[in-house]
Amino acid sequence: MRSDHPRRFANSSSAICESLKMAQERTKEFLGREQNCVEVGAEKTRLFYVNEKVVRQLMEEDAKGDAATEALLEHLKTHDVKEGIYEGGLKVWEGALDLANFLLSGACDFQFEGKDIFEVGCGAGLLGILASKKGCRRVVVQDYNEEVLRFFTRNNFVINDLDVEEAEFIHGDWQALAGILGPEQFDLIVTAETIYNEESYAKLHDLMFKTLRTDGKVYLAAKVEYFGVGGSLGAFLHYVRKQGKFHAEVKWISSSAVPRKIIGLKKTAPS
Ligand SMILES: C[S@@+](CC[C@H](N)C(=O)[O-])C[C@H]1O[C@@H](n2cnc3c(N)ncnc32)[C@H](O)[C@@H]1O
């Protein structure tokens, strides 16, 4: 009788694993409905992200029991980006794609393998996903809204066949995070379309300066001007130069009607 136990246990645990695997596959199938796909780099690396309709459906389900999700859904019915409420993370902005293409181009000499990377203001998390696919050791992605991470970013890791347990998802305001996160943790910080609000420059700057290793790099993608909201690349670079803690260099310029750039930042001194 006793000798049966381990086998019975092994059987039931493999049955549990099997049903977990099936549940994961079903979740993936649901998330993958009408999923979006972008191709980046010369080798056309495919990055997937969950369709907005599916994200909304998941949020509506959750809103039945979660007041914060309900409030965000209510806000999204009539508004878009609004400071302190929703910071634009539920869609993919051009800057994220510019940066993904740049990271895979000959103009960027960063070697991902074994490195620690932080995507600040991640939204869909496509840069974190790319870094995971390229063999980074540690991938941390951050968004202001916890709901963005829960319903969009995490699920994007799933549909890109990545293990969500291997990435770190953090939410909150940059100022609070700069107080919580330890110093000098990352070899690379990437951030796209995060400088549209001049009020946020100090906290974004300080978070990046604190968490970047002395020999690390920041790549920041942005529009030259954010019409109607006040932020601009010129104003951000002016702020950065005034602080004197980073050396800034233009790495890429778009040829589009609304110009966009990628800026590289390196520390001028340790934090
Ligand atoms: C316009 S979205 C860009 C999303 C993504 N990087 C892209 O390009 O698709 C701005 C991002 O910055 C984050 N963000 C903006 N202001 C923030 C703040 N004060 N604290 C924390 N995150 C902030 C938002 O949560 C969001 O992820």
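Every value quoted in this text rests on a predicted model; they were computed, and no experiment measured them.

Trainee: Give me the packing of helix H4 (residues 94-103) against helix H5 (residues 126-133): which residues, what numbers.
Mentor: Running from N to C, H4 and H5 cross one another at 20°; their axes reach a closest spacing of 9 Å. Put simply, H4 runs roughly parallel to H5. The interaxial crossing formed by H4 with H5 has right-handed handedness. Touching Ala96, Leu99, Ala100 and Leu103 of H4 are Leu126, Leu127 and Leu130, all from H5. The class makeup of the residues in the contact of H4 with H5 is 7 nonpolar, no polar and no charged.

Trainee: Give a detailed account of the site of the ligand, specifying residues and quantitative values.
Mentor: Close to the ligand lie 20 residues; Glu87, Gly88, Gly121, Gly123 and Tyr144 are nearest. Classifying every residue of the shell around the ligand by side-chain character gives 8 nonpolar, 8 polar and 4 charged.

Trainee: So what about the sheet that holds strand E3 (residues 116-120)? Which residues, and what values?
Mentor: Pairing within the open sheet is mixed, and its 7 strands lie in the order E5-E4-E3-E6-E7-E9-E8. Strands with a single pairing partner mark the edges of an open sheet, and in this sheet they are strand E5 (167-171) and strand E8 (246-253). On average, each strand axis in the sheet is tilted by 20° relative to the strand beside it, whichever way the strands run. Sheet topology note: the strand E7 (residues 212-223)/strand E9 (residues 260-267) ladder contains 7 bridges and is antiparallel. Paired with Ala221 across the bridge in E9 is Ile262. Along the sheet face, helix H8 (residues 201-211) touches E3, strand E6 (186-192), E7 and E8 and points at about 145° away from the line of E7. The strands touched by helix H9 (residues 233-243) are E7, E8 and E9; relative to E8, the strand with the most contacts, the crossing angle is about 155°.

Trainee: How would you summarise the pairing of E8 if you had to cite specific residues and measurements?
Mentor: The side chains of a regular strand alternate between the sheet's two faces. Sheet analysis places E8 next to E9, joined by 7 bridges and oriented antiparallel. Note that in E9 the partner of Val250 across the bridge is Ile263. Where E8 folds back onto E9 in an antiparallel hairpin, the turn is made up of 6 residues.

Trainee: Give me the lowdown on unusual backbone geometry, citing residues and values where you can.
Mentor: The phi torsion at Lys44 lies on the positive side, around 50°, for a residue other than glycine. Within the secondary structure, Lys44 is located in the loop between strand E1 (36-40) and strand E2 (45-49). The exposure class assigned to Lys44 is exposed, which follows from the 9 C-beta atoms found within 10 Å. If you check the backbone angles, Glu193 has positive phi at about 55° while not being a glycine. Looking at the secondary structure, you find Glu193 in the loop between E6 and H8. Take Glu193: there are 23 C-beta atoms within 10 Å of it, and that puts it in the buried class.

Trainee: Run through the confidence of the model for the protein chain, naming residues and quoting values.
Mentor: Averaged over all residues, the pLDDT of the protein chain is 90; the fraction at 70 or higher stands at 95%. Note that pLDDT drops below 50 for residues 1-10; the model gives that stretch 0 contacts with residues more than four away or on any other chain.

Trainee: Can you tell me about the packing of helix H2 (residues 52-63) against helix H6 (residues 146-159), naming the residues and giving the values?
Mentor: Taken N-terminus to C-terminus, the directions of H2 and H6 make an angle of 120°; their axes are 9 Å apart at the nearest point. Judged by the inter-axis angle, H2 sits oblique to H6. Considering only the axes of H2 and H6, their crossing is right-handed. For the pair H2 and H6, the contacting residues are Val55, Leu58 and Met59 in the first and Glu147, Phe151 and Phe152 in the second. Of the residues in the contact of H2 with H6, the class split is 5 nonpolar, no polar and 1 charged.

Trainee: Can you explain H9? Please cite residues and give values.
Mentor: Within H9, burial applies to Leu233, Phe236, Leu237 and Val240. Seen along its axis, H9 keeps its buried residues to an arc of 95°; they face one direction. In H9, the exposed positions angled more than 90 degrees off the buried face are occupied by Gly234, His238 and Lys242. Where the residues of H9 are buried, they touch H8, E7, E8 and E9.

Parameters at a glance
Residues numbered from 1 in each chain as written. Predicted model: local features only at pLDDT ≥ 70, side-chain atom pairs only at ≥ 80, totals over all residues. Axes fitted to C-alpha atoms, helices over the stretch in contact; angles between N-to-C directions. Helix = DSSP H or I, 4+ residues; strand = E, 2+ residues; numbered from the N terminus. Parallel < 35°, antiparallel > 145°, perpendicular 65-115°, else oblique. Left-handed = near helix turned anticlockwise from the far one by under 90°. Contact = placed C-beta atoms within 7 Å. Nonpolar A, V, L, I, M, F, W, Y, C, P; charged D, E, K, R; others polar. Near = placed C-beta within 6 Å. Pairing = 2+ DSSP bridges. Buried ≥ 20, exposed ≤ 12 C-beta atoms within 10 Å, placed from the backbone. pLDDT = per-residue confidence, 0-100. Arc of directions from axis to C-beta.

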